Amino acid sequence: RNAFQLCQIQLYKLKCVSINLGNGVLVCGGDKTLDGYSKKKYVCKLLFIFLLGHDIDFGHMEAVNLLSSNKYTEKQIGYLFISVLVNCNSDLIRLINNAIRNDLASRNPTFMNLALHCIANVGSREMAEAFASEIPRILVAGDTVDSVKQSAALCLLRLNKTSPDLLPMGEWTMRVVHLLNDQHLGVVTAATSLITTLAQKSPDDFKTSLSLAMTRLSRIVTSASIDLQDYTYYFVAAPWLSVKLLRLLQCYPPPEDASLRSRLTECLETILSKAQEPSKSKKVQHSNAKNAVLFEAISLIIHHDSEPTLLVRACNQLGQFLQHRETNLRYLALESMCTLASSEFSHEAVKTHIETVINALKTERDVSVRQRAVDLLYAMCDRSNAKQIVTEMLSYLETADYAIREEIVLKVAILAEKYAVDYTWYVDTILNLIRIAGDYVSEEVWYRVIQIVINRDDVQGYAAKTVFEALQAPACHENLVKVGGYILGEFGNLIAGDPRSSPLVQFNLLHSKFHLCSVPTRALLLSAYIKFINLFPEVKGTIQDVLRSDSQLRNADVELQQRAVEYLRLSYIASTDILATVLEEMPPFPERESSILAKLKKKKGSSKLPDLDDSRRNVNGSAEHTDDTETSPSLSEDLFPTDRPHPPSSFPSILFARWAAGVTNNIIFPVFFRFVCKSNGVIYENQLLQIGLKSEYRQNLGEINALSREAQTSLSPATWASFSEGIQRHSLAKRHRS
Amino acid sequence: MIRFILIQNRAGKTRLAKWYMQFDDDEKQKLIEEVHAVVTVRDAKHTNFVEVWDSLSLSFRNFKIIYRRYAGLYFCICVDVTDNNLAYLEAIHNFVEVLNEYFHNVCELDLVFNFYKVYTVVDEMFLAGEIRETSQTKVLKQLLMLQSLE
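Here the structure is a predicted model, which is why all the values come from computation and not from measurement.

## A word on the nonpolar core
Item 1. Core analysis: the largest hydrophobic core is formed by 255 residues, its most contacted members being A:I100 and B:F126.
Item 2. Per-element tally for this core: the top contributor is helix α2 (residues 85-102) of chain B, with 11 residues.
Item 3. Residues contacting B:F126, with those up to four places away along its chain left out, are B:I2, B:I5, B:Y20, B:I77, B:A91, B:F95, B:I131 and B:R132.
Item 4. One finds B:L6, B:F23, B:V39 and B:C78 within the second-largest nonpolar core, a separate group that totals 17 residues.

Structure follows, in structure tokens:
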């Protein structure tokens, strides 16, 4: 069909819709009252049009009118319309609630169900307020029909979710629990869902449901297939109810009562045994239903984590599923085994399947299955298999989906650190991570490797050598340049003896990557260069030439420019001793929890302050506090809130007095130079008076406070008649700059 | 719990959308498109379960889609990540078998022209985000009774 024809079809469709809508308007707005049948027809059409995707803004009144009809079909359309097109008009809500109230009181199960379904589907606050007391009563009343009980239970569940405060269960609790004994399994199903939800909020109130649920479950599991005819699905007895009961049991810890516990164990063993029996049917529905119950049972076993035999049996069963021909089962087995791996009872049993899991990683065609295999390898990792698992994960990383690479990187980094006996292996692993998936190696990971190298003397030489070799690669990832720059800057001296990695070679290697890197990396490299100047005086000239070049000193980026300028200057004026002190080797980082683990848990992609920066501030931050430690906390905090701990305030209330008029700026001017390097100090002093300056700077903000005080030598403080201060801004600064 | 049930054809047209949580109209539309995009690219080598990757938070969302394809229609149930996959997979099949019985070899057009009846079937078997009734016998009996009231 060409475009023109398609347009014609669209136009025709629109015409049909508008004709129908037009009809609706004509009829609904007309004087004649429609009979129920016509009304139903039109409301139904409106609904249909709405469901096609067109907006409907009328018909609500007619729909509400249908609610009061005595005919099921008319009522049904009315309820359907208002459930799908929820309207917030308060008059309509009032009318709707009235209709619902009437239907609930009608004692007609069909009408009651329609009303209950509407409440469950809409679940509005107004409905909750109107019917919160009514519905529990219906649920537990002796004369309520089974199907109505089912609907009432789930209706209550919905209202409890949206308006829990309106439904204090209190008096109804026991009666609701008792529904678990109902002979209608549909009622039991609905009641189990309700109790499970309520038990999550107030477990103690529903503790009594445990034994009832267990009894029910036992009966189902051991029943012959003819017992539960209506509820047998492909030869499996009440699979959904079994799953729900097992789910309810997971709201609680293992039962304290010994007989209850043994009954439950028996029940679970039966379920596990049944899985081994030959199937009654080849149909996939049969096996799915059976396995649904099995997996939920295993979930309960894992949740309780108290019966070693059960855990091991569960593990073996899952192990069989790992090689099943159905992908669904392999997937679920991998997922389930992941939780089993963390239990001390089954950890060893899980490990025996490592080859199968590694094979899954290599051969599974559904990426989500491969991902579960990765998760399982991570969960089953311990000292005995760490090397093997990390190797496999690294090789998987080479071809992994981009979406999951970051997670795998984090996991490998954590495993490598946790199980490293020999830290050279750890360094190799991280460098491999950067090589294979550099883009996905977050800051936390490469910060961590540097922290570890700094903290461990025995691996520093190896790290320097390995990083040096890795940088030889023609195209290496920027993260490698960062790591390499830092490590060579700190430990390049350890390999400088070898002519192949002499200082000049090291510098040239790093500098060859310089222009390819982003600003933060270049900044890091500049720091590495000044460290080289300290370590290797023989390359000082070469590096100074580089720092002196226009591309550094006049770099568009402020940080780079500042570093180049300052490092260059430092290299000129600092004596070797001072240089060595300033650029002393980084001290070991304090032991702290790995931020990588936290990142893996969060995995929200937001940035965290890495440990490295904190330490750096602690090490270098103290240098900023010079001789004057008198800081007023309130002043600094107001302008420059900082999380650096302030020294205890010993700020003497320095009151300076005004200097005599007539003192010109010329006297004070030379003193200003003093304040280029010093934040605080006395700017003027005579017999009567001292004036001090206190200043603080942070990035582009600065604050200067002038304080005046009586000179210490003043003999008679009481002679002051009056005192006032003021600060005059002068164009002095502008003049000076030019 | 169930968050929503969708029946879509291969072209992406929605034949049934049942929501068990509050969503805006925009959110509903987005979800419908997302489900369609995710489900139509899968084939036999994939599982019947999809966990949805959120590229914003770089993690998996806390729900998953259980789906199965019947001829030209995809039946999708969106559930919490902690729910039992196989149980809901078979809940879909149970539902389809009921539809099949009720409409006598159901096809897509049956669902289109009898949309209001489909809602009735859904409400018999699912309610408030949970499974309500699983016995095909009981559901069909009820449906036939309701039909006789017409």
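## A word on the pairing of strand β5 (residues 73-80) of chain B
All names here are of chain B.
Item 1. Taking burial as the measure, the eight residues of β5 include eight buried ones, the bulk of the element.
Item 2. For strand β1 (residues 2-9) and β5, the ladder comprises seven bridges, and the chain directions are antiparallel. Residue pairing in the sheet places I2 in a bridge with V79 of β5.

## Let's talk about empty space enclosed by the protein
Item 1. Under the counting rule described, the total for this entry stands at eight cavities of 30 Å³ or more.
Item 2. Estimates place the volume of the largest cavity at around 220 Å³.
Item 3. Forming the walls of the largest cavity are 18 residues, and the residues nearest its centre are A:Q76, A:L114, A:H117, B:T120 and B:D123.
Item 4. Mapped onto the lining of the largest cavity, the elements with two or more residues apiece are α4 (72-84) and α6 (109-122) of chain A together with α4 (115-125) and α5 (136-148) of chain B.
Item 5. Among the elements that take part in the lining of the largest cavity, α6(A) stands out by supplying six residues, more than any other.
Item 6. Residues belonging to the lining of the largest cavity are distributed by class as follows: eight nonpolar, eight polar and two charged.
Item 7. When contributions to the lining of the second largest cavity are tallied by element, the ones reaching two or more residues are α14 (258-276) and α15 (284-304) of chain A.
Item 8. Among the elements that take part in the lining of the second largest cavity, α14(A) stands out by supplying four residues, more than any other.

## Observations regarding the interface of chain B and chain A
Item 1. Chain B puts 48 residues into the contact, and the matching count from chain A is 58 residues.
Item 2. When the buried surface of chain B facing chain A is broken down by residue, B:K45, B:L86 and B:R132 rank first, second and third, together holding 14% of it.
Item 3. Counting the contacts that link chain B with chain A gives five salt bridges.
Item 4. Across the salt bridge formed by A:R247 and B:D83, the nearest N and O atoms sit 3.6 Å from each other.
Item 5. In this assembly, chain B and chain A are joined by 25 residue pairs in polar contact (both at pLDDT 80 or more).
Item 6. Those elements that place two or more of their residues in the side of chain B that touches chain A are β3 (49-54), β4 (59-70), α2, α4, β7 (130-131) and α5 of chain B.
Item 7. Ranked by residue count, the leading element in the side of chain B that touches chain A is α2(B), at nine residues.
Item 8. Considering only residue class, the side of chain B that touches chain A consists of 19 nonpolar, 15 polar and 14 charged.

## Description of the sheet that holds strand β5 (residues 701-710) of chain A
Residues and elements named next belong to chain A.
Item 1. Taken in spatial order, the three strands of this open sheet run β3-β4-β5, and their pairing is antiparallel. One side of each edge strand has no neighbouring strand; the edge strands of this open sheet are β3 (680-685) and β5. The sheet shows a mean angle of 25 degrees between the axes of neighbouring strands, taken without regard to direction.
Item 2. Bridge analysis of strand β4 (residues 689-698) against β5 gives 10 bridges, and the strand direction is antiparallel. In the sheet register, K694 faces β5, and the bridge partner there is N705.

## Notes on the confidence of the model for chain B
Item 1. In the predicted model, chain B carries a mean pLDDT of 92, and 94% of its residues have values of at least 70.
Item 2. Our summary of model confidence lists the complex with pTM equal to 0.77 and ipTM equal to 0.96.

## Re the packing of helix α5 (residues 90-104) of chain A against α6(A)
All names here are of chain A.
Item 1. Where α5 meets α6, the axes come as close as 8 Å, and the angle between the chain directions of the two elements is 140 degrees. As judged from the angle between their axes, α5 and α6 are oblique. Helix-helix and strand crossings are classified by hand; for α5 and α6 the assignment is left-handed. Contacts between α5 and α6 involve I100, D103 and L104 from the first element and F111, M112, A115, L116, C118 and I119 from the second.
Item 2. For the contact of α5 with α6, the residue count by class is eight nonpolar, no polar and one charged.

## Examining helix α21 (residues 386-397) of chain A
Residue pairs three or four apart in sequence face the same way in an α-helix, which turns once every 3.6 residues.
Residues and elements named next belong to chain A.
Item 1. When the terminal C-alpha atoms of α21 are compared, their 16 Å separation across 12 residues agrees well with the 16 Å that a helix rising 1.5 Å per residue should span.
Item 2. Within the span of α21, buried status applies to A386, I389, V390, E392, M393, L394, Y396 and L397.
Item 3. Against the buried residues of α21 lie α19 (354-363), α20 (367-380), α22 (402-418) and α23 (423-437).

## Regarding the side chain of B:H46
Item 1. Mapped onto the fold, B:H46 is located in the loop between α1 (25-39) and β3.
Item 2. Residue classification places B:H46 among the buried residues on the basis of a relative accessible area of 17%.

## Topic: the packing of aromatic side chains
Item 1. The tally for this structure, following the rule as stated, stands at 19 aromatic pairs over all chains.
Item 2. Aromatic side chains B:Y70 and B:F75 sit 5.4 Å apart centroid to centroid with 85 degrees between the ring planes, which places their arrangement in the edge-to-face category. Taken individually, B:Y70 and B:F75 each receive the classification buried, so the pair is uniform in this respect.
Item 3. Members of the aromatic cluster, each reached through a chain of ring pairs, are B:Y70, B:F75, B:F95 and B:F126.
Item 4. A cation sits over an aromatic face here: A:K41 above A:Y42, 5.9 Å from the ring centre.

## Regarding helix α31 (residues 558-573) of chain A
Residues and elements named next belong to chain A.
Item 1. The first and last C-alpha atoms of α31 sit 22 Å apart over 16 residues, in line with the 22 Å expected at 1.5 Å per residue.
Item 2. Turning to α31, its buried residues number three or more, namely L560, A564, Y567, L568 and S571. The buried residues of α31 occupy an angular sector of 100 degrees when projected down its axis, which confines them to one face. Residues of α31 that are exposed and point over 90 degrees away from its buried face: V558, R569 and I573.
Item 3. Looking at the buried residues of α31, the elements they touch are α28 (519-535), α29 (540-548) and α30 (550-553).
Item 4. Capping of α31 at its N-terminal end is provided by D557; its side-chain oxygen lies 2.9 Å from the backbone amide nitrogen of E559.

## What about the packing of α4(A) against α4(B)?
Item 1. Two elements in contact, α4(A) and α4(B), have axes whose closest approach is 11 Å; the angle formed by their N-to-C orientations is 80 degrees. The angle between α4(A) and α4(B) falls in the class roughly perpendicular. Two secondary-structure elements touch here, α4(A) through A:Y72, A:Q76, A:I77, A:L80 and A:V84 and α4(B) through B:Y116, B:Y119 and B:T120.
Item 2. Its residues assigned to classes, the contact of α4(A) with α4(B) comprises six nonpolar, two polar and no charged.

## Focus: unusual backbone geometry
All names here are of chain A.
Item 1. A positive phi angle is found at A238, which is not glycine, with a value near 35 degrees.
Item 2. If you trace the backbone, A238 turns up in the loop between β2 (236-237) and α13 (239-249).
Item 3. Since its relative accessible area comes to 3%, A238 is described here as buried.

## A closer look at the confidence of the model for chain A
All names here are of chain A.
Item 1. Mean pLDDT over chain A works out to 82, with 82% of the residues at or above the 70 mark.
Item 2. Highest mean pLDDT in chain A belongs to α13 (97); lowest belongs to helix α34 (residues 611-624) (29).
Item 3. Contacts from residues 604-668, a stretch scored under 50 in pLDDT, to residues over four places away or in other chains number 93 contacts.
Item 4. Across residues 732-738 the pLDDT falls below 50, and counting only partners more than four positions away or on other chains, this stretch makes four contacts in the model.

## Topic: the pattern of salt bridges
Residue and element names in this part refer to chain A.
Item 1. In total, this model carries 36 salt bridges over all chains according to the counting rule given.
Item 2. Here D182 and K149 are joined by a salt bridge, their closest N and O atoms 3.7 Å apart. Of the two residues, D182 is situated in the loop between α10 (173-178) and α11 (185-201) and K149 in helix α9 (residues 146-162); the sequence distance between them amounts to 33 residues. For the residue pair D182 and K149, the accessibility class agrees, reading buried in each case.

What counts, and where the lines are drawn
- Residues numbered from 1 in each chain as written.
- Chains lettered and ligands numbered in written order.
- Predicted model: local features only at pLDDT ≥ 70, side-chain atom pairs only at ≥ 80, totals over all residues.
- Heavy atoms only, no water.
- Core = buried A, V, L, I, M, F, W, Y, C linked by side-chain atoms within 4.5 Å.
- Buried < 20%, exposed > 50% of the residue type's maximum accessible area, 1.4 Å probe, protein only.
- Helix = DSSP H or I, 4+ residues; strand = E, 2+ residues; numbered from the N terminus.
- Contact = heavy atoms within 4.5 Å.
- Pairing = 2+ DSSP bridges.
- 1 Å grid on protein atoms, 1.4 Å probe; cavity = no way out; pocket = protein on both sides within 12 Å on 5 of 7 lines; lining within 4 Å.
- Points joined across faces, edges and corners; volume = space filled by probe spheres on them.
- Nonpolar A, V, L, I, M, F, W, Y, C, P; charged D, E, K, R; others polar.
- Buried area = accessible area lost by both parts, 1.4 Å probe.
- Salt bridge = Lys/Arg side-chain N within 4 Å of Asp/Glu carboxyl O.
- Polar contact = N/O pair within 3.5 Å; in protein donor to acceptor, adjacent residues only side chain to side chain.
- Axes fitted to C-alpha atoms, helices over the stretch in contact; angles between N-to-C directions.
- pLDDT = per-residue confidence, 0-100.
- Parallel < 35°, antiparallel > 145°, perpendicular 65-115°, else oblique.
- Left-handed = near helix turned anticlockwise from the far one by under 90°.
- Expected span 1.5 Å × (residues − 1).
- Phe/Tyr/Trp six-rings, centres within 6.5 Å; stacked < 30°, edge-to-face > 60°.
- Lys NZ or Arg CZ within 6 Å of the ring centre and 35° of its normal.
- Arc of directions from axis to C-beta.

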